[in-house]
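Overview (structure and organization)
Take a look at the letters that make up each chain.
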Amino acid sequence: MIGATRGEREEGSVEGIVAEAVIDLDAIAHNVALLAERALVDGDHPSSLMAVVKADAFGHGIIPVSQAALKSGASWLGVTSVEEALAVRGAGIDAPMLAWLYGTDDDFIAAIDAGVDLSVSSISHLESIVDAAEQAGRPALIHLKIDTGLTRNGVRFDDWPDLVRQARVREMDGTVRVHGIWSHLASADDPGNPSVPAQLAAFDRALEIARDSGLDPDLRHLANSAGILDVPQSHFDLVRAGIALYGVEPIDGHDNGLRRAMTLRGRAVNVKRVGEGTGVSYMHEYITPGETTVVLVPLGYADGVPRRVSNRGEVLIRGHRCRIAGRVAMDQFVVDAGDLPVELGDPVVLFGPGDSGEPTVQDWATWAETNPHEILTGIGARVPRHYLPIKPETLKNLEQEFADG
Ligand SMILES: *Cc1c(COP(=O)(O)O)cnc(C)c1O
């Protein structure tokens, strides 16, 4: 591990791991506790927190993140596929969990057997899940999804009364239990966007229609990270935090005190002086403006370093920002370090918490013209993840908070 070997390493050599993502579980615990507190206190009644750990916990590692989140205030886990849900169960995690994205032929029997709640976003899905529940010999716990305006998943308003009626029939005969009714916000990260009150009103109407059909689920849920932090009326009984868990502010420019959890770094695996006018990397899209030191970093677009950041992105070496020189390649990129005294094996930080002058994942998203989610989930499988544990004092504070209610 880069941090552990720093200082012990011989000058001018490069041994061991040359690229890694360090995941600070203490930062995740801090963020979870902060979001759980907001769920508990804000809004008109206390809500529980679901940690959304889909896409390998936004690239941070689904199992360690799930465990850290459940220790620090989350009571639910959210995933997309049945496969992800079963992987979490396979690691011995038995917390309440909801899966929400699949065709009608997924392994719902295995999900029901494993005690995984299933989202229902069409009559066809309801029918498949009912069949699976009959075969499993136990009721499926389902969450009916209404499309309140995102126009992505969920049933249209026109089809809602029918879905609700059929679900109620199946609840009466014991094949399913409608555990939740839910929807997803389109633009909560844009304060003042009129779609937010429109979706809130539509959600209320959907709940009313469900109540009129005799459904009274325990869990109504709508809020994502931005909703949790900025729209207390969206909290209902459960809130679903994704990006904020990982320390990224869902609304640009807001500061809720979240801590970024991932640091992506590598080591300088080649360092050399080159003269003025030297073309660097494929197609020589960078020409050195003077004599300079070029540094090779063994991370490329196969690892999730976007090709878009060629000639644009920055890294931190020996406390100084240096710019990427020329095209990012599949496995590596070059940095122009100027006259910085860089040694072979020096750590190179691509992004991190942002408190030592290094770029943040938001900076990378800006350079790549995307969102931080795409950068984080894009960090490739061949980049090893290393975990910093939750600090004992953080755990002690959390226990104290739980004890105080
Ligand atoms: C990804 C996802 C979330 C988490 O959203 P963030 O904006 O990252 O908090 C919540 N709900 C659903 C349905 C999602 O797909």
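Residues numbered from 1 in each chain as written. Predicted model: local features only at pLDDT ≥ 70, side-chain atom pairs only at ≥ 80, totals over all residues. Heavy atoms only, no water.

**Quick notes on the site of the ligand**
Cut-off, in case you're wondering: The cutoff for a nearby residue is simple: one of its non-hydrogen atoms must lie within 4 Å of the molecule or strand. Whenever two N or O atoms come within 3.5 Å, that pair is a polar contact, provided that in protein one can donate a hydrogen and the other can accept it, and provided that, for residues adjacent in sequence, both atoms are side-chain atoms. Per-residue accessibility takes into account occlusion by the displayed protein chains alone, with areas from the Shrake-Rupley method and a 1.4 Å probe.
Around the ligand, 13 residues are found, and the nearest of them are Lys54, Ser225, Arg240, Gly242 and Ile243. Within the side chain of His184, an N or O atom sits 3.5 Å from a nitrogen atom of the ligand. One of the backbone nitrogen or oxygen atoms of Ile243 is found 2.8 Å away from an oxygen atom of the ligand. Computed on the free molecule, the ligand has an accessible area of 390 Å², of which 91% lies beneath the protein chains in the complex.

**Here's the deal with the pairing of strand S2 (residues 48-52)**
In the case of a regular strand, side chains alternate between the two sheet surfaces. Quick note on the threshold: Per-residue accessibility, obtained with a 1.4 Å probe over protein chains only, is compared with the maximum for each type, and a residue is labelled buried under 20%, exposed over 50%, and partly exposed between these values. By the criteria applied, helices consist of DSSP H or I runs no shorter than four residues and strands consist of E runs no shorter than two, each listed in order from the N terminus. Between any two strands, pairing holds if DSSP finds at least two bridges.
For S2, a buried count of 4 out of 5 residues is recorded, marking the element as mostly surrounded by other parts of the structure. Sheet analysis places S2 next to strand S9 (residues 238-241), joined by 4 bridges and oriented parallel. Following the sheet pairing, Leu49 is matched in S9 by Val239. Pairing geometry for S2 and strand S3 (residues 76-79), over 3 bridges, is parallel.

**Topic: the domain arrangement of the chain**
Keep this limit in mind: All the domain ranges listed were derived from an automatic or database domain assignment. When two parts are put together, the accessible area they lose, computed with a 1.4 Å probe and summed over both, is reported as buried area. Between Lys or Arg on one side and Asp or Glu on the other, a salt bridge is scored when a side-chain nitrogen of the former is within 4 Å of a carboxyl oxygen of the latter. For this classification, the nonpolar set comprises Ala, Val, Leu, Ile, Met, Phe, Trp, Tyr, Cys and Pro, the charged set comprises Asp, Glu, Lys and Arg, and every other residue, Gly included, is treated as polar.
Entries for the chain in the domain assignment read domain 1 (25-246) and domain 2 (262-383). Between domain 1 and domain 2, the C-alpha centre-to-centre distance is 38 Å. Both faces combined, the contact of domain 1 with domain 2 buries some 490 Å², and carbon together with sulfur accounts for 77% of it. On the domain 1 side of the interface with domain 2, the three residues burying the most area are Phe58, His60 and Ile243, jointly 73% of the side's total. Summed over the shared surface of domain 1 and domain 2, the result is 0 salt bridges. Summed over the shared surface of domain 1 and domain 2, the result is 0 residue pairs in polar contact (both at pLDDT 80 or more). Per-class residue counts for the side of domain 1 that touches domain 2 are 3 nonpolar, 2 polar and no charged.

**Focus: the packing of aromatic side chains**
Our working rule: Side-chain rings of Phe, Tyr and Trp, where Trp is taken by its six-membered ring, are said to pair if the distance between their centres is within 6.5 Å; with planes under 30 degrees apart they count as stacked, over 60 as edge-to-face, and otherwise as tilted. Charge over a ring is defined by NZ of Lys or CZ of Arg lying within 6 Å of the ring centre and within 35 degrees of the ring normal.
In the structure shown here, the tally under the stated rule is 6 aromatic pairs. Between Trp100 and Trp182, the aromatic rings sit 5.3 Å apart at their centres with planes inclined by 50°, giving tilted as the arrangement. Highlighted residues: Trp100 in the loop between strand S4 (97-99) and helix H6 (108-113) and Trp182 in strand S7 (residues 176-182), separated in sequence by 82 residues. Comparing Trp100 with Trp182, the two get one shared label, buried. Their ring planes at 75° and their centres at 5.6 Å tell us that Trp364 and Trp367 sit as a pair that is edge-to-face. Here Trp364 and its partner Trp367 are both found in helix H11 (residues 361-368), 3 residues apart, which amounts to about one turn of the helix. Among the residues examined, Trp364 registers a relative accessible area of 1% and is labelled buried. Taken together, the aromatic side chains of Phe351, Trp364 and Trp367 make up a single cluster linked through ring pairs. In this structure, Lys145 packs its charged tip against the face of Trp182, placed 4.0 Å from the ring centre.

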